[in-house]
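Close look at the chain arrangement
Now for the letters of each chain:
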Amino acid sequence: MSRAKPVGAITYTIVNDYGTAPEVEFVYDLELPLDFVPRNADGEVAGFELMTIDQLKEVVVTDKFKTNCAGVVIDFLIRHGLVQPDNSPEYVEIVNLLHSKHPF
C-alpha cells in the first residue's frame, strides 16, 4: 500500500432492516501497471471488468455496483474532472450526497 495515495473520504448513512448506520469510506488512489491482472482474494467481489470512462459513467449508476463502491467511483470521476458542473446538472446534489452529514 506504499504507493496508494490518500485522497479523501465519502460519508453516507445506511438504512436497512437492522437499523441506521453511519458510514465513512476512506478513499485512496493507486496507479496500476497496464499489465496488472486483479484477482479476488477475499470473496467480496463478483468479478472484474476493464471499462472505458464512458462505460463506467453509464454503469456506475446501475445496480451493477454496490452503493458504497459507486460512491468511490463517482468521487474519482469528480476529482479527476470527468464529472463537472457544466456536464452534470445534478453536480451539487451528487457532491452533497458523497459528503452527507450523519443524522446522529
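Everything in this summary refers to the structure shown in the same document. (Residues numbered from 1 in each chain as written. Predicted model: local features only at pLDDT ≥ 70, side-chain atom pairs only at ≥ 80, totals over all residues. Heavy atoms only, no water.)

Quick notes on the pairing of strand β2 (residues 19-29)
Across eleven bridges, strand β1 (residues 5-16) lies against β2 in antiparallel orientation. Residue pairing in the sheet places glycine 8 in a bridge with valine 27 of β2. Counted between consecutive antiparallel strands, the loop separating β1 from β2 contains two residues. (Pairing = 2+ DSSP bridges. Helix = DSSP H or I, 4+ residues; strand = E, 2+ residues; numbered from the N terminus.)

A word on the pattern of salt bridges
Overall, the coordinates contain three salt bridges when judged by the stated rule. A salt bridge links arginine 79 to aspartate 29; the nearest nitrogen and oxygen atoms lie 2.8 Å apart. With arginine 79 in helix α2 (residues 67-79) and aspartate 29 in strand β2, the pair connects residues that are 50 residues apart, well separated along the chain. Aspartate 29 gets classed as buried once you look at its relative accessible area, which sits at 17%. Overlapping salt bridges, with partners in common, bring together Asp29, Asp75 and Arg79 in one network. (Salt bridge = Lys/Arg side-chain N within 4 Å of Asp/Glu carboxyl O. Buried < 20%, exposed > 50% of the residue type's maximum accessible area, 1.4 Å probe, protein only.)

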